[in-house]
Amino acid sequence: MKKITQGLALVAVGVCSAPAHAGLAQLIDSFSNELENRSARAALQTYQDLIANAGCFDAMRAPAIVSANGNTTPTASCTGQSYQLFKNVRAIVHTANELTNDGPTQFSLGLDKRGLGLALRWDAAEEYSAHGSLSGDYLRGQISSLSSRLTALRFGAQGFHLNAIGFYDDQSRFAQNNGMIEGGGAGDAVEAYSPWGGFINYSAAKGAKAPTSLEDAFSFKGNQFNGGLDYRINSRWVVGSLVSYLDQRVDFDSSKSTVSGNVEASGFSVFPFVMYQREYFYASASAGYQALNFDSLRAIRYPSLNPDIPSPNTETVASTDAKNTSLFLSAGYNFSYKNISLEPFVNINATQIKIDRFVERDVKKSAFDLVVADQSINTTTSTLGASLRYTFTPSFAVITPYLSYELVKQSQDEQRTIAARYVNAASQANTFAVPTDVIDDAYNINTFGVSAVLVGGHQKTVDGVVAGGVQGFVQYKQIKNLDNYKVDIIELGLRYEF
């Protein structure tokens, strides 16, 4: 009799310990995309870890064990947020069990396979790929500003320059010939300019990203302010520094992707630079540092068709920082004929972006919050481009319309993976491995603009420097053929010689 009892006990143990997650294990790798597959793995791993290490068990209805005599005893750690997390992942597991007719289904959400896949996508953290996108966009803006300033310096634009596209020697010559820069010292054989210069400008950008199987659709808009100082050591060498401030916002598009939320970014950058020029040739180098702060909101909302299981509906918030370092090298040659200037150029930019680890906070304490591991992004881009300008001189100004074309090539375009785990998981191991899109290896930048000398400079004393001139510019820039992105930028400003 004793042996029979022991045998029955072993059978009972075997039945109770049978896998309760068999259905989800079967469905992994069969969802509509890799993001859903990886989210399913994370849910399954979290579910198993909570059972193995936190005292949770599949039939739990409350954070306590109910004994045969009605007494309750709290489990070792499956209480509070741990228990709430267990309920979240158990609902995913039981939904898969119902779809495969394998395992318990009491806490199923009652969704079909497509609905389960969408729920898994809501649980994932693919929104945080936007951090890398924003960091790269900011850096591209700084490189553009630096390039414009160096162009201006090469061709004699002194003083308070608002990051215009560059005012060539031709423009200064035309202004002088038309009496626009003649002042107290007009007619002198040699006119001196202050070796110091200052510049500032404003740009507004907007754009959108199309949805993919791995990343969400979003729109973005932002403002950027650039300024700085430079010093001309002699006719061939210039040193200086560019500084900037940015604020930008990304809004995820719930009409195109399974997503809701936003990311706000703000930060500053410093780009010290040195430039060498000799007649029509130039070369420059700059080492830059950028610091960004991100504030993120991520929504988790998907239905439950089981009246006993509430539909998840919460939001998580988080903040983190990014630090970017970069090296920028440029060289080019200017060809001029009468009123026309053509300048081919090449640029190389090497960048390292580091995004700090951060922890989300679930605003409704529904245990969907994640710990997202730090990220590191290394990329090198090379640019081949050309600028074309034409200068003409009506009676009221010296005007230079221009256009430029840049072909940008990415030499490192590997797919990234964002690692994360639930805050209340039983294990410290990252269970989420969220892939990002492969970076487009080539795209182009088109720029159209016009600059003008509106008021000529003059010498206040016979031996004084030329100052007081006013110049302005406006330009429109498009980033084209960058997969899934549409980006438009407008820049404008004024220059005052001091």
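Our subject is the structure listed above.
Cut-offs used in this document
- Along each chain, numbering runs from 1 in the same order as the chain's sequence is written.
- Local features in this predicted model are restricted to residues whose pLDDT is 70 or higher, and side-chain atom pairs enter the listing and the counts only when it is 80 or higher, whereas totals over whole chains, interfaces and linings include all residues.
- Hydrogens are left out, water is left out, and the side-chain values use all remaining heavy atoms of the structure.
- Lines fitted to the C-alpha atoms define the axes, with helices restricted to the stretch that makes contact. Angles between their N-to-C directions range from 0 to 180 degrees.
- Put simply, DSSP marks the helices as runs of H or I at least four residues long and the strands as runs of E at least two long, and each gets a number from the N terminus on.
- Oblique is the label for any angle not covered by the other classes, which are roughly parallel (under 35 degrees), roughly antiparallel (over 145) and roughly perpendicular (65 to 115).
- Take the far helix as the reference: if the near one is turned anticlockwise from it by less than a right angle, the crossing is left-handed, and if turned clockwise, right-handed.
- In this description, contact between two residues means that some pair of their heavy atoms is separated by no more than 4.5 Å.
- Under the convention adopted here, Pro, Cys and the residues Ala, Val, Leu, Ile, Met, Phe, Trp and Tyr are nonpolar, Asp, Glu, Lys and Arg are charged, and Gly plus all remaining residues are polar.
- To count toward a patch, a residue needs a relative accessible area above 30% and no salt bridge. Like charges then connect within 9 Å, nonpolar side chains (Val, Leu, Ile, Met, Phe, Trp, Tyr) within 5 Å.
- Only the protein chains shown count as cover for residues, with accessible areas throughout obtained via the Shrake-Rupley method and a probe of 1.4 Å.
- Any carboxyl oxygen of Asp or Glu within 4 Å of a side-chain nitrogen of Lys or Arg constitutes a salt bridge here.
- Classification of residues uses two cut-offs on accessible area relative to the type maximum, computed with a 1.4 Å probe and protein chains only: under 20% is buried, over 50% is exposed, and between them is partly exposed.
- The disulfide criterion is simple: two cysteine sulfur atoms within 2.5 Å.

Following both chains from N to C, one finds helix 3 (residues 34–53) and helix 4 (residues 80–100) inclined at 130°, their axes separated by 9 Å at the closest point. Accordingly, the angle class assigned to the pair helix 3 and helix 4 is oblique. Remark: the crossing between helix 3 and helix 4 carries left-handed chirality. For the pair helix 3 and helix 4, contact is made by Ala43, Thr46, Tyr47, Leu50 and Ile51 and by Ser82, Leu85, Phe86, Val89, Arg90, Ile92 and Val93, respectively. In terms of residue class, the contact of helix 3 with helix 4 is built from nine nonpolar, two polar and one charged.

Our focus in this paragraph is a nonpolar patch on the surface. A contiguous nonpolar surface patch, about 1,000 Å² in accessible area, is contributed by Tyr280, Phe281, Tyr333, Phe335, Ile340, Leu342, Leu388, Tyr390, Phe392, Leu403 and Phe448. Among the secondary structure elements, those contributing two or more residues to the nonpolar patch are strand 11 (340–355) and strand 15 (375–390). Within the secondary structure layout, Phe335 lies in strand 10 (residues 335–337). In this structure Phe335 comes out as partly exposed when scored by relative accessible area, which is 47%.

Another aspect to go through is the pattern of salt bridges. Applying the stated rule across the entire model yields 13 salt bridges. Between Asp441 and Lys409 there is a salt bridge, with its nearest N and O atoms 3.4 Å apart. Pair noted here: Asp441 is in the loop between strand 18 (432–435) and strand 19 (442–455) and Lys409 is in strand 16 (residues 398–410), with a separation of 32 residues, a long-range link. Looking at Asp441, the relative accessible area reads 31%, which means it is partly exposed. One salt-bridge network, held together by shared partners, links Asp29, Glu34, Arg38 and Arg41.

Before going further, it helps to examine the state of the cysteines. Applying the stated rule across the entire model yields one disulfide. Paired by a disulfide, Cys56 and Cys78 hold their sulfur atoms 1.9 Å apart. Since a negative S-S torsion denotes a left-handed disulfide, the Cys56-Cys78 link at about 100° is right-handed. Highlighted residues: Cys56 in the loop between helix 3 and strand 1 (65–66) and Cys78 in the loop between strand 2 (72–73) and helix 4, separated in sequence by 22 residues. You'll find Cys56 and Cys78 in the same group, each marked buried.

Time to look at the environment of Ala420. In this structure, Ala420 sits in strand 17 (residues 417–422). Placed 61 residues apart in sequence, Ala420 and Val359 show a C-alpha to C-alpha distance of 9.5 Å. The residues touching Ala420, leaving out its near neighbours within four places in the chain, are Val371, Val372, Asn430, Thr431 and Phe432.

So, about unusual backbone geometry. Of all residues except glycine, most have a negative phi; of all peptide bonds, most are trans. Phi at Lys365 takes a positive value of approximately 55°, unusual for a residue other than glycine. Of note, Lys365 is situated in the loop between strand 13 (361–362) and strand 14 (370–372). Even without being a glycine, Asn481 presents a positive backbone phi close to 60°. Positionally, Asn481 belongs in the loop between strand 22 (470–480) and strand 23 (485–496).

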